[in-house]
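# Structural features, examined
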Amino acid sequence: MNCRNCKNNSVITLPNSNISLCKKHFNIYFERKVRKTIRIYNMIDKNDTIGIACSGGKDSMSLLYILNKIFKPTKVKLVALAIDEGIKDYRDPNFKFVKSFCKKNKIKLHTFSFKKEFGKTLDEIKKKNPETIPCTFCGVFRRKILNDKALELGVNKLATGHNLDDEAQTILMNQFRKNTRASAVLGPVTGIVDDPKFIRRIKPFYFLTEKEITTFAFLNNILDKYAECPNAKLSYRNSVLELINEFEKRYPGTKYNIVSSFLETLPLVKESFKNKTIKTCKKCGAATSKEICQACVLLEKLN
């Protein structure tokens, strides 16, 4: 099949359409979509210091690559933040790739670890708590490190590689769990109100699919192989992922419709929570909706 814009062979047929594009025109489409999302949602200002959460996977590395391309000539400062959770045979290869990429592109990289911050690797946590899905600890601890370290480094926004598939999964997870407050902080720019203790997350890949990002990563040699976290199959998210993928296969456009319909109601959901007081964790001083933040609750369980 030929590219819609030229006679070259296509490399992808875009999800939710019958448009086929070659490498050149797909890269143009991809960058334009990222730029449009950043512009429409006012994600980045000219003097921002953006921290990019880098796992070494295709999403975060594609994000680091495209933001560096777009903002390198500007006054926007980019720094990479990488966290070693301590997962044997998984994180080390990804860390090497992040370090190599940042060195080549002269991007300042800051690395942190569960072992140093919490006293245990995720593998050790998993061994000590076999009845608990490790993703429960991993997600909470990663978010805490990212927020705490971003504050220390003077980062005023955190960019993550979350894509359309990720957001559709999270929306349904919150619906299934009746967690309206968690839904209220979602969207292309997270949070309900500004708070000096919390760094807002921005998601430039919000309207790009997993398929599009994977294609972009391989076409641009950003990642030559894909390694999935060995704990991913155990998670609640994975069950929702499989459910949505099955619906998408049978009813194309399902993921996009979940996200777009959610965005229509999001302003109302945010409005209902905007007067809720943001508290300070009595143990660590972090911003939280409760007396003690979830990270401290889990740490107490570990100790």
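In what follows, the structure referred to is the one given above.
## Concerning the pattern of salt bridges
Going through the model one piece at a time under the given rule, you end up with 19 salt bridges. Residue lysine 157 is joined to aspartate 45 by a salt bridge in which the shortest nitrogen-to-oxygen separation is 3.5 Å. Linking lysine 157 in strand E6 (residues 157–159) with aspartate 45 in the loop between helix H1 (23–40) and strand E3 (49–53), this pair joins segments that are 112 residues apart in sequence. The partly exposed category is assigned to aspartate 45, whose relative accessible area is 45%. Residue glutamate 117 is joined to lysine 149 by a salt bridge in which the shortest nitrogen-to-oxygen separation is 3.3 Å. One end of the pair, glutamate 117, is in helix H4 (residues 114–118); the other, lysine 149, is in helix H6 (residues 134–153), with 32 residues separating them in the sequence. Given the relative accessible area of 30%, glutamate 117 is considered partly exposed. Among the residues examined, lysine 149 registers a relative accessible area of 12% and is labelled buried.

## A closer look at the nonpolar core
By size, the foremost hydrophobic cluster in this structure holds 40 residues, and its most contacted members are Ile52 and Leu67. Within the residue set of this core, elements represented by two or more residues are H1, E3, helix H2 (58–71), strand E4 (77–84), helix H3 (91–104) and helix H9 (210–219). Sorting elements by how many residues they give to this core places H2 first, with 7 residues. Listed in part, the 28 residues of the second largest apolar core include Leu81, Ile87, Val140 and Ala150.

## Quick look at helix H12 (residues 294–302)
Within H12 the residues assigned to the buried category are Ala295, Cys296, Leu298, Leu299 and Leu302. Along H12, the residues classed as buried sweep out an arc of 160° about the axis, all on the same side. Where H12 is buried, its residues touch H4, helix H5 (122–128) and H6.

## Quick word on the packing of aromatic side chains
Using the criterion set out here, one finds 12 aromatic pairs in the structure. Note on phenylalanine 137 and phenylalanine 141: the rings are 6.0 Å apart at their centroids and 55° apart in plane angle, and the pair reads as tilted. Of this pair, phenylalanine 137 and phenylalanine 141 both sit in helix H6, 4 residues apart, which is roughly one turn of that helix. Look at phenylalanine 141 and you get buried, because its relative accessible area is 0%. An aromatic cluster is built from Phe26, Tyr29, Phe30, Tyr65, Phe205 and Phe216, whose rings are joined through pairwise contacts. Just above the ring of tyrosine 236 sits the side chain of arginine 177; from NZ or CZ to the centre is 4.1 Å.

## Some points on helix H10 (residues 236–250)
Helix length check: H10, at 15 residues, gives a terminal C-alpha distance of 22 Å against a target of 21 Å (1.5 Å per residue), a fit within 8%. Those residues of H10 that sit buried are Asn238, Val240, Ile244 and Glu248. In a view along the axis of H10, the buried residues occupy a sector of 155°, so they form one face of it. Turned more than 90 degrees away from the buried face of H10 sit Lys249 and Arg250, all of them exposed.

## Some words on unusual backbone geometry
Its identity as a non-glycine residue notwithstanding, lysine 178 has a phi of 55°, on the positive side. When you line up the elements, lysine 178 lands in the loop between helix H7 (164–176) and helix H8 (180–184). The exposure class assigned to lysine 178 is exposed, which follows from its relative accessible area of 71%. Of note in the backbone geometry, asparagine 221 takes a positive phi value of approximately 55° without being a glycine.

## Description of the packing of H10 against helix H11 (residues 254–273)
It is the contact of H10 with H11, at a shortest axis distance of 8 Å, that shows an interaxial angle of 115°. Relative to H11, H10 is oriented roughly perpendicular. Packed against H10, whose contacting residues are Ile244, Asn245, Phe247 and Glu248, the element H11 presents Thr254, Lys255 and Ile258 at the interface.

## Observations regarding the environment of serine 183
Inspection of the secondary structure puts serine 183 in helix H8. The class of serine 183 is buried, set by a relative accessible area of 4%. Expressed as a C-alpha distance, the spacing of serine 183 and isoleucine 171, which sit 12 residues apart in the sequence, is 6.6 Å. Apart from the residues within four sequence positions on either side, serine 183 is in contact with Asn174, Phe262 and Leu266. A distance of 3.3 Å separates polar atoms of two side chains, one belonging to serine 183 and the other to asparagine 174.

Conventions we followed
- Residues numbered from 1 in each chain as written.
- Predicted model: local features only at pLDDT ≥ 70, side-chain atom pairs only at ≥ 80, totals over all residues.
- Heavy atoms only, no water.
- Salt bridge = Lys/Arg side-chain N within 4 Å of Asp/Glu carboxyl O.
- Helix = DSSP H or I, 4+ residues; strand = E, 2+ residues; numbered from the N terminus.
- Buried < 20%, exposed > 50% of the residue type's maximum accessible area, 1.4 Å probe, protein only.
- Core = buried A, V, L, I, M, F, W, Y, C linked by side-chain atoms within 4.5 Å.
- Arc of directions from axis to C-beta.
- Contact = heavy atoms within 4.5 Å.
- Phe/Tyr/Trp six-rings, centres within 6.5 Å; stacked < 30°, edge-to-face > 60°.
- Lys NZ or Arg CZ within 6 Å of the ring centre and 35° of its normal.
- Expected span 1.5 Å × (residues − 1).
- Axes fitted to C-alpha atoms, helices over the stretch in contact; angles between N-to-C directions.
- Parallel < 35°, antiparallel > 145°, perpendicular 65-115°, else oblique.
- Polar contact = N/O pair within 3.5 Å; in protein donor to acceptor, adjacent residues only side chain to side chain.

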